[in-house]
Every structure is written in structure tokens, then in C-alpha cells.
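Close look at the chain arrangement
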Amino acid sequence: MTLKRLIPIILVKEGLLVRSQLFKYFQAIGDPIPTIKRLSDWNADEIILNNISDTDIMDSRREDKYHNIGKGSFIELVEKAAKFCHCPLTIGGGIRSSSQIDELFQAGADKVVINSSLFDNPDLIRKSSLRYGKQAITGSIDIRHDSTGSSVWKAKGKINTGFTLDRAIEYATELGVGELIISSINNDGSTLGYDKHIIEVIEKMVINIPIIINSGATTNSHFMHGLNSKNVSAVAASNVFYFTELSYFNIKKELVESGCKNVRYPSIDSPFIKREPEYSQTEKNLLMEKARENSTFHKDKYDGSKLTKIRQCTSCLYTSISAAPMQFAEDGECMGCKISKVKLSQTNKRYDQLKEYLSKIINSKNLSKSYDCIVSVSGGKDSYYQTHYIKEVMGLNPLLVTYNGNNYTDIGWKNLWNMRNAFDCDHLVISPSVKTLKKLNKIAFIVMGDMNWHSHVGIYTTAPRIAVQQKIPLIFWGEHGYADLCGQFSMSDFPEMNYRERTEHDGRGFDWNFFVGIDGITDKDMTPWKYPSDKDISNIGLRQIFLGHYIPWESNTHLELVVEKYGFEVSDTPFERTYRKGSNLDDMHENGIHDYLKFIKFGYGRCTDHASKDIRAGILSRTEGIKLVEKMDHIKPKDLARWLNYVGMSERDFDRIADHFRDPRVWSWKEDTGWSKSY
């Protein structure tokens, strides 16, 4: 039997991995390299990396992440991707000349995929097929259905070629392409499955080259439909591979277990592949160089030549340079505002449906005899609301699990210990060694400008570790942070917590093994930050659900409920860097010096986060938000003194090291006037 391929398509726009919808809306997922490595590690049949930007210039917009590609060319991205990719790598996007194809093959491409030039420059296809062989040239056909009928479009779906699908297939075959990928503009990002028109057309034709169908598939039945269709040699998808833990592995596993015999069985436990990034001693030394006495930032980096034109949302206060990867629609509004409006427009009927979906997920799991699920709690207002919903509304018996980073405020600590009584639940608190925590605070600040790496990664590691140990297959989280801040996903995606999100976003690409060997830290010291293996996660079928996808989520409303019903207490003194009093009580530095570093890096802080949320919720006007931000975002908070004493560092060294992390896209330096922001 001839095996068929399941192909992930990685879309990059201006350097960021994006989710696409209708070839029109693009939501930033993150860096492409970690996702390519993960898919390759799972033994993907092939990966297509497609540049959908209008430029070859890539800009990751972050300097503090391990996998950041900085500002470079698409060819450089391909070279880097090829080093992490051990399966066939196909590259596409803006290919218009033989010299481009030469460069891509030299950079590590195994095949190229060509769209517009298929119609604009047929000689390029003929000559390339002769030069490299048909197998190296894939044609790309995009079809759109509208009131005038169905036709093939080019130039990222902007120009109608006038071709029908069957004529375009014949035309491309005659030119000499080795295979064709056919995408549906209407089904892109729809979750509706493959385009039935595409399948109907190709099943009626006599086709002598492999056909890949793409767009809209998210479920087992969608992929099965494609794989069982006549003349289809491979099925492709994009967005679905970003949503869940072990995504590619699980999709293939389900296909095989449901009787699909024409796909290769996936692998997750190769002894030759390490999931965690590998860090050389040279890289570690270079990143720790900032700790050297009198080491100062590179002034030539901040002479103004690297400043970029900052794009600001027309509705909220976010810009294109932000901690959360931000994309904008053509009308100038950020995707965070777009998704927020969709979320606010959800009807009670829709939420009833979502609650049914949630019940189906719960009922599909073989719940533990001891606990039905884990609720990861910090003791904050969202933790209270999560537990309230799971216990009182869903009627489950949760185990509460907490990572204690040793930075609780007095009120935060009181709120945490109140939960066991308020909800009548068992509560497990994991408290790592304070000596190790102090070291991690200091090293992470020096390496990535974030002393709370231990907390971000610790929180998202502790709950899965306990789940695997106790064989509890469900973990509940509150709101998906990036879906809320930057509109990373649509309301139909239901992304779940996973290793990629934990390591790429919360860990900035730094996993536990980076720290081993620095300042005497041992492998055993890092045990609390070791994420369970892929095999252990697969064995219990672990799913990590964000409740915010299924129920109305408005923090201000939740705060009122948990104060009144469960005795949750807010801060009796205002924070210096935000006007809200009920957020981040579990960490005295989250609203303080940790947040100040965000201002140092990107030029904004927690007040911008909270004001943007409240503008979207209709609680603040944009003018009111701007006034608050101008008053608070720049403040250097008093909790710095505690942190400096905690880790044994002078304020001079703190400022000196922090300056290394100022993003040159935002900040410039002059000897006479000092630092200035571009917006």
C-alpha cells in the first residue's frame, strides 16, 4: 500500500509564525524555529515553510528570546530552519527567479513551492523542472468561491487568474511541476474541513502527479476524508498544529487507531532526539557576559539606525513592539481588539454550546479515582473563579496545585491559604529550594532580562508533573494570556496549554537544562522545572484546558463575585505601576520590578496591559487610558530594593545589566540626553 503524507504548513509573516484566516487575517503565534523543531522531532512526513510577507526581511521583534532570529533575511531563516529540520523541507513564498531557487536549495530546501510565477513566468517553471528535476518543483494553486463562481487566484489570493481548477491543474502539469498543492481561500482557518469542490474536481480528473490538498482540516474525520479521496497523495494543514499538546503525533495516532492504514505511524520516544533545546557552554558564557563588572550596553546598537516605525492600534494602546506577538488588520486595529469584539458578541446560546463541548471533553476522559482534575491556582482572583466554576458549576472534585515562587505579598499568601477552606478542596503547594530560587532569579535576569523565569516555567511545569504522577488526565487553567492580549487564536480554535507554549513564550526558549552548571546549579536542583516527557503525557492522555475559551471571562466581574462569595481580599495599598488593585497579588514583583523590565525592553508596562483590556471592555476610554499610561508606565518601583537584597545585587549593576535589554527598535541613546523612546 502506498503511504500518504500528513504535511504541516508553517506560515511566516515578517518573521513571525502566524495563524491565517481567509488569506486576510493573520494572528501571530510566535517564532517559527521551535515549532519546526517540534514537528521534525515527531517525525513529520514533510514540512512546508511558506513566507507570506510582502518582503524578504524578517524581524522577530524580540531580542530576549533564545530562538529569536533578530532582523535578517528569509534565506537566513531557511538556513536556521534546515538545521533543526530532519524531514523533507519545502520552501515557498515570493519565488520569481532561478537565482532565488538556487539560494533556497543552497540554504537547505529539499523542494520549492511556487504560486504566482506559475502563471506569470511559465518559463521559470519549465527551466527549473529541467534543471532540478520535477520532484523538486511544487506548484501552488489557490481557489476562491464567490458569487461569480469558482476560480484560481494568485498573489496571496489577491488576483484572479481566470483559470478554473481543472484547467489550472492541467496547465501546471504541462509546465512540468512535480506535484501540486491546492488550497481553499474560503476554507482557510475555517475549521470546516477540506473544500468539497476541490475534492470533487480532482476525483473526476486523470492526474499523473501527486496532489496535496490544504485548508480547513482540524479533526480526524477531516483528515480521513482527504486521505481517502481519489488522486490525493497528501493532506496538509497549518493552524491545527499550534493548538494542542503533541498535536501532530496525536492526529496521526488517532488516524491509525481509527483504521487509516495509509499513513505512517508517528513517533515520540526516539532515544536520539532531545526535546529540550541544546545550549553550548559558549552560548551560556556569552549570555552571562553581562554580569561581568563594568560590562555596558553596546552604544552603536542604539545610535538610532535600528529604530523601526512603530505601529499603534487604532483602538487600544498596544503597539507592534510588544511582549505578546502582535499583528494588525488592514484597518489598523490589532488582532487583540478584533478577537475581543468577537468574544464580546458571543450569545448566551453560543456559551450554552461551549459548555456542552466542555462537558464532552470531561466525559471523554477516564477520570482518576481520587481527583477528577487539577486546577492550577496561584491564589489570585482568576484562581478563585476557576475553582468556583469547576467545583460549584461543573460539580467536579479538583486537586488544587500551586507553584510557590517565594514572592507572595502578605494578602496574596493569605488568599492562597484561604482557598482550601473556602472551596473545601485538597491543596498541594510545591515550594522549591529558596537557595535555588535566588540563583535562578539572578541568572534569568542576566540572561533574558526576566527574574521571573522560574515562576513562569514553574507554574506551567508543576501542574503537568503532578498530573502525570497522580495519573490525572485533566488540568484546568483560567484565561489564555496571548489569546486575550494579542488575539493569538480565533474563538473556534480552543488552544490548550502545551510544551511549546510553556517553553517558547513563558520560558523565552530557555528550558531547565540551560541553568545546569551555572553558579553551581545541578541537574537535581532543577527537578521542579522538568516538564514530563512526551511519552508520559501521551500515556495518560493529558489535556490542559483554558476555561476562558468556554465561559464568559471578564476579570472585573469575577473579582466582585470572589470577594463577596469567598472572602478574596484585594490590596489595601495601590500599586505604583497600575491602577488595578486585584491583580498579581501572588508575586510582589509582578506589578513592580518585573513589570518595569518590560518598560525597559519594549517601552510599556502593566498599566498599558490593564488599560487596553479595560478599553476593550468599555470600562475606560482611550483618552483616559493614555493619561493613566503616561502617569504610570515609566515608574521605577520601590520593590526593587527587596529584590536586590534577595539576590545580592547593587542597583547600579541592575541598571547596567537592564540597559542591555532595551530594544533598539524602540530606544535610542545619546551621550548628552540619555535614553529616548521612538513613540
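For the structure itself, look to the data block above.
These figures come from a predicted structure and were not determined experimentally.

1. Considering the sheet that holds strand S16 (residues 398-403)
Strand order in the open sheet made by the five strands is S17-S16-S15-S18-S19, with parallel pairing throughout. Each edge of the sheet is formed by a strand with only one pairing partner; in this case those strands are strand S17 (426-430) and strand S19 (543-546). Across the sheet, the mean angle from the axis of one strand to that of its neighbour is 25°, orientation sign disregarded. Bridge count for S16 against S17 is five bridges, and the pairing is parallel. Each residue of the ladder has a partner; that of Leu-399, found in S17, is Asp-426. Set on the sheet, helix H12 (residues 348-364) makes contact with strand S18 (474-477) and S19; between it and S18 the angle comes to about 150°.

2. Description of helix H16 (residues 453-470)
Along its 18 residues, H16 runs 26 Å from first to last C-alpha, staying within 8% of the 26 Å computed at 1.5 Å per residue. Residue Ile-459 marks the point of greatest curvature in H16, where the axis turns by about 25°. Of all 18 residues in H16, 14 are buried, a share of seventy percent or more. Note on H16: the residue one or two positions beyond its end, Lys-471, has a positive phi of about 55°.

3. Some thoughts on the packing of helix H2 (residues 74-84) against helix H3 (residues 98-107)
Closest axis-to-axis distance for the H2/H3 pair is 8 Å, and the angle between their directions is 30°. Put simply, H2 runs roughly parallel to H3. Considering how the two elements wind past one another, H2 and H3 form a crossing that is right-handed. In contact with Phe-74, Ile-75, Val-78, Glu-79 and Ala-82 of H2, H3 contributes Glu-103, Leu-104 and Ala-107.

4. Things to note about the packing of aromatic side chains
Tallying each qualifying case throughout the model produces 38 aromatic pairs. When the ring of Phe-241 is compared with that of Tyr-248, the centres are 5.7 Å apart and the planes differ by 40°; the resulting orientation is tilted. Here Phe-241 and Tyr-248 have matching classes, each one buried. Their ring planes at 80° and their centres at 6.5 Å tell us that Trp-667 and Trp-675 sit as a pair that is edge-to-face.

5. Details of the side chain of Ser-229
Along the chain, Ser-229 turns up in the loop between helix H8 (220-227) and strand S14 (234-237). Of the residues examined, Ser-229 reaches a relative accessible area of 4% and is grouped as buried. Apart from the residues lying within four places of it in its own chain, the contact partners of Ser-229 are Lys-4, Ile-199 and Glu-203.

6. A look at empty space enclosed by the protein
Scanning the model with the defined rule gives five cavities of 30 Å³ or more in all. Considering only enclosed or pocket space, the second largest cavity measures out at about 140 Å³ in volume. Together, Pro-34, Lys-37, Arg-38, Asp-41, His-67, Arg-275, Pro-277, Tyr-499, Arg-500, Thr-503, Glu-504 and Gly-509 line the second largest cavity. When the residues that make up the lining of the second largest cavity are grouped by side-chain class, the tally is three nonpolar, three polar and six charged.

What counts as what
Along each chain, numbering runs from 1 in the same order as the chain's sequence is written. In keeping with the model being predicted, local features are shown solely for residues with a pLDDT of at least 70 and side-chain atom pairs are shown and tallied solely at 80 or more, while totals for entire chains, interfaces and linings include all residues. Processing note: side-chain calculations cover all non-hydrogen atoms of the structure and skip hydrogens and water entirely. The pairing criterion for strands is at least two bridges between them, as found by DSSP. Helix numbering and strand numbering both begin at the N terminus, where a helix is a DSSP run of H or I of at least 4 residues and a strand a DSSP run of E of at least 2. Only the stretch in contact is used when a helix axis is fitted, and all axes are lines through C-alpha atoms; the angle between N-to-C directions ranges over 0 to 180 degrees. Contacts were defined at the residue level, with two residues in contact if any of their heavy atoms lie within 4.5 Å. Here the expected span of a helix is defined as 1.5 Å times the quantity of residues minus one. Bend angle per residue: angle between axes fitted to the 7 residues ending at that residue and the 7 residues starting there. Exposure categories follow from relative accessible area, calculated using a 1.4 Å probe and restricted to protein chains: below 20% of the type maximum is buried, above 50% is exposed, and the middle band is partly exposed. Should an angle fall under 35 degrees it is taken as roughly parallel, and over 145 as roughly antiparallel, whereas 65 to 115 is taken as roughly perpendicular and any remaining angle as oblique. Crossings are classed by handedness, with left-handed meaning an anticlockwise turn of the near helix from the far one by less than a right angle and right-handed meaning a clockwise turn. Stacked, tilted and edge-to-face pairs are distinguished by plane angle, under 30 degrees for stacked and over 60 for edge-to-face with tilted covering the rest, among Phe, Tyr and Trp rings (Trp via its six-membered ring) whose centres lie within 6.5 Å. Throughout, the protein atoms alone are placed on a 1 Å grid, and a set of points is a cavity if a 1.4 Å probe fits but cannot get out or a pocket if it is open with protein on both sides within 12 Å along at least five of seven lines; lining residues have an atom within 4 Å of a point. Grid points are joined across faces, edges and corners, and a volume is the space filled by probe spheres set on the points. Residue type decides the class: Asp, Glu, Lys and Arg count as charged, Ala, Val, Leu, Ile, Met, Phe, Trp, Tyr, Cys and Pro as nonpolar, and the leftover types, Gly among them, as polar.

These values are about where atoms sit, not about what they do.
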